[in-house]
Amino acid sequence: MDDTQTVVIVGGGFAGLELIKRLSNDKRYKLILVDANNYNFFPPLIYQVSAGFMEPSAISYPFRKILRKHKNARFRLGALQSIHPQENKIKLNNGELHYDKLVLATGAETNYFGNENIAKFSLPMKTISDALSLRNVIFTRLDRATRMKDPVHRKRHLTFVIAGAGPTGVELSGIFAEMREHILQKDYPELAKEDLGEIYLLDGNDTVLAPMSSESQRYTHKKLEELGVQIRLNTRVDDFKDNVVYLSDGTTIESINLIWAAGVSAKTFEGIPAEALGPGRRMKTNGFNQVEGFENIFALGDGAFIADDPEYPHGHPQLAQPALQQAKNLASNLKRPKEQWKRFSYKDLGAMAIIGRNKAVMDTPGQKTTFKGFFAWLIWIFIHIMGLVNFKNRVRTFYNWIGYYIYKDQYFRMIIKPREREQ
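Residues numbered from 1 in each chain as written. Predicted model: local features only at pLDDT ≥ 70, side-chain atom pairs only at ≥ 80, totals over all residues. Heavy atoms only, no water.

Chemist: I'd like to hear about the sheet that holds strand E14 (residues 229-232), residue by residue, with values.
Modeler: Read from one edge to the other, the open sheet built from five strands follows the order E11-E18-E12-E13-E14, with strand pairing classed as parallel. Each edge of the sheet is formed by a strand with only one pairing partner; in this case those strands are strand E11 (123-124) and E14. Relative to strand E13 (residues 199-202), strand E12 (residues 160-163) runs parallel, the two being bridged by four bridges. If you follow valine 161 over to E13, its bridge partner there is tyrosine 200. On the sheet, helix H7 (residues 167-182) packs against E12, E13, E14 and strand E18 (257-260) and is oriented at approximately 170° with respect to E13. Sheet contacts for helix H9 (residues 214-226): E13 and E14; angle to E14, the most-contacted strand, approximately 135°. (Pairing = 2+ DSSP bridges. Helix = DSSP H or I, 4+ residues; strand = E, 2+ residues; numbered from the N terminus. Contact = heavy atoms within 4.5 Å. Axes fitted to C-alpha atoms, helices over the stretch in contact; angles between N-to-C directions.)

Quick look at the structure:
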């Protein structure tokens, strides 16, 4: 009799791949990775793809090639549509899968807070597709601005409003400011320096990088302003229509470019009841990452809300480290008898954000020490290069960054739009 159990893992991000890596040598489990894309990508660097500083292939890698060395793992391309716990199966957009254990590592998606105009007209920053779309839109609009005679319309195309002053918003505003300083007038000589629009960074909190230390916040705020970024705090975007951004303080900004990095919410699926969802629609789990009400369904990473951790009553940070550590703990538990399972305990490894060339901030665990400037920038580069999925991606990314550091320029600013074909 075959005692092998089928573990279906939905989502090939940090948590999903870490779980596969740690269970790949366990013959008791047959692993099936399900993802709507056929590649893994490194979310902390998608902002560089959107600004044309990196190519998508430098931060992404095909799942099937990743899984070659994991003999008990298979890949299924498909999007999860519903879960049927009574039958131990899931329905995808292209078929069904049965499981003995189901692990939901589906991450989070952009949260527009119910504003239809923002959802329809703003530019999100969550996936590789979002980054490529943003890159295409930015450089199409820059090119269009070179042909405009009306200075008002031209400025709308050259003004960028970034909603959300977390790491993504800070990194985007910094790289756009450097691009405006070092690249735009070289690439677009038709535009005079006074034609170039403003870069606004908005946030409803009273500081940038809210989860980080006050020293990191002050340094980041100062360096962004030195780069020419206009920071508006305690200010939310209320609406976006007719090429005007409406703000909560009653003011407006005329711009066609609203980049939305203001919030995320977990993905939800039919079959997980509403009472099992916590803040941000994250699935409530116990300390073993079992979804509330289910013995054989687990949630990891951004989509999990471990409700019984007293040190994190509002949930763990929606970052890479909690996802990786939860996957490691779950893998360890699945390798031992259930009575020996250990509850998840998060180890804070600190936080960091890059502002621009030679400028970054890093907090050590517990925010006991803050590093900033060139040294923090070097550490940021090292950690992000090592976080890429394979050696080739690391070498390529390092080469790209050396080129940018020397020449203050990159050459991935192509407008490449896929052509839809009739099926």
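Further notes follow.
Chemist: Can you explain the pattern of salt bridges? Please cite residues and give values.
Modeler: Here the structure, examined in full by the defined rule, presents 17 salt bridges. In this structure, arginine 28 and aspartate 26 form a salt bridge, with 2.7 Å as the shortest nitrogen-oxygen distance. When its relative accessible area of 40% is taken as the criterion, arginine 28 is described as partly exposed. Its salt-bridge partner being glutamate 87, residue lysine 89 comes within 3.4 Å of it at the nearest N-O pair. Given the relative accessible area of 46%, glutamate 87 is considered partly exposed. Residues participating in the shared-partner salt-bridge network are Glu18, Lys21 and Arg22. (Salt bridge = Lys/Arg side-chain N within 4 Å of Asp/Glu carboxyl O. Buried < 20%, exposed > 50% of the residue type's maximum accessible area, 1.4 Å probe, protein only.)

Chemist: Describe a nonpolar patch on the surface, listing the residues and the values that go with them.
Modeler: A surface patch of nonpolar side chains, about 450 Å² in accessible area, is lined by Phe398, Ile402, Ile406 and Tyr407. As for its position among the elements, tyrosine 407 is in helix H12 (residues 391-407). Judged by its relative accessible area of 60%, tyrosine 407 is exposed. (Patch = residues over 30% accessible without salt bridge, like charges linked within 9 Å, V, L, I, M, F, W, Y side chains within 5 Å. Areas by Shrake-Rupley, 256 points an atom, 1.4 Å probe, with all protein chains shown as cover.)

Chemist: So, the packing of aromatic side chains: which residues are in play, and what are the values?
Modeler: Evaluation of the coordinates by the stated rule reveals 12 aromatic pairs. Plain terms: the ring middles of phenylalanine 14 and phenylalanine 42 are 5.8 Å apart, the flat faces sit at 80° to each other, and that makes the pair edge-to-face. Taken together, the residues span a long stretch of sequence, with phenylalanine 14 in helix H1 (residues 14-23) and phenylalanine 42 in the loop between strand E3 (39-41) and helix H2 (46-50) at a distance of 28 residues. Residue classification places phenylalanine 42 among the buried positions, given a relative accessible area of 7%. (Phe/Tyr/Trp six-rings, centres within 6.5 Å; stacked < 30°, edge-to-face > 60°.)

Chemist: How would you sum up the packing of H1 against helix H10 (residues 320-334)? Please name residues and give values.
Modeler: Across the interface, H1 lies against H10 with an axial gap of 8 Å and an inter-helix angle of 30°. Overall, the two elements H1 and H10 adopt an arrangement that is roughly parallel. For the element pair H1 and H10, the recorded crossing hand is right-handed. Contacts from Phe14, Ala15, Glu18, Leu19, Arg22 and Leu23 in H1 reach Ala320, Ala323, Leu324, Ala327, Lys328, Leu330, Ala331 and Leu334 in H10. Per-class residue counts for the contact of H1 with H10 are 11 nonpolar, no polar and three charged. (Parallel < 35°, antiparallel > 145°, perpendicular 65-115°, else oblique. Left-handed = near helix turned anticlockwise from the far one by under 90°. Nonpolar A, V, L, I, M, F, W, Y, C, P; charged D, E, K, R; others polar.)

Chemist: Any chance you could break down the nonpolar core for me, citing the residues and the numbers?
Modeler: In terms of nonpolar packing, the biggest core is built from 61 residues, with Leu45, Tyr47, Ile59, Phe176, Leu201, Ile259 and Trp380 touching the most fellow members. Of all the elements, helix H5 (residues 128-145) adds the most residues to this core, at seven residues. Not counting residues up to four positions away in its chain, the partners in contact with leucine 201 are Ile162, Gly164, Ala165, Gly169, Val170, Ser173, Val208, Leu224, Val229, Gln230, Ile231 and Arg232. Counting residues in each nonpolar core, the second largest holds 27 residues, with Ala15, Leu17, Leu19 and Ala105 among its members. (Core = buried A, V, L, I, M, F, W, Y, C linked by side-chain atoms within 4.5 Å.)

Chemist: Please provide a residue-by-residue account of the side chain of glutamate 171, values included.
Modeler: Turning to its location among the elements, glutamate 171 is positioned in helix H7. Not counting residues within four places of it along the chain, the set of residues in contact with glutamate 171 comprises Pro44, Tyr47, Ala353, Ile354 and Trp380.

Chemist: So what's going on with the sheet that holds strand E7 (residues 89-92)? Which residues, and what values?
Modeler: Hydrogen bonding along the main chain pairs the strands of a sheet, whether they run parallel or antiparallel. Pairing in this open sheet of three strands is antiparallel, and the strands run E6-E7-E8 from one edge to the other. Where the open sheet ends on each side, the last strands, each with one partner, are strand E6 (80-84) and strand E8 (95-98). Strand after strand, the sheet turns through a mean of 20° between neighbouring axes, direction not considered. Across four bridges, E7 lies against E8 in antiparallel orientation. Within the sheet, the bridge partner assigned to leucine 92 lies in E8 and is glycine 95.

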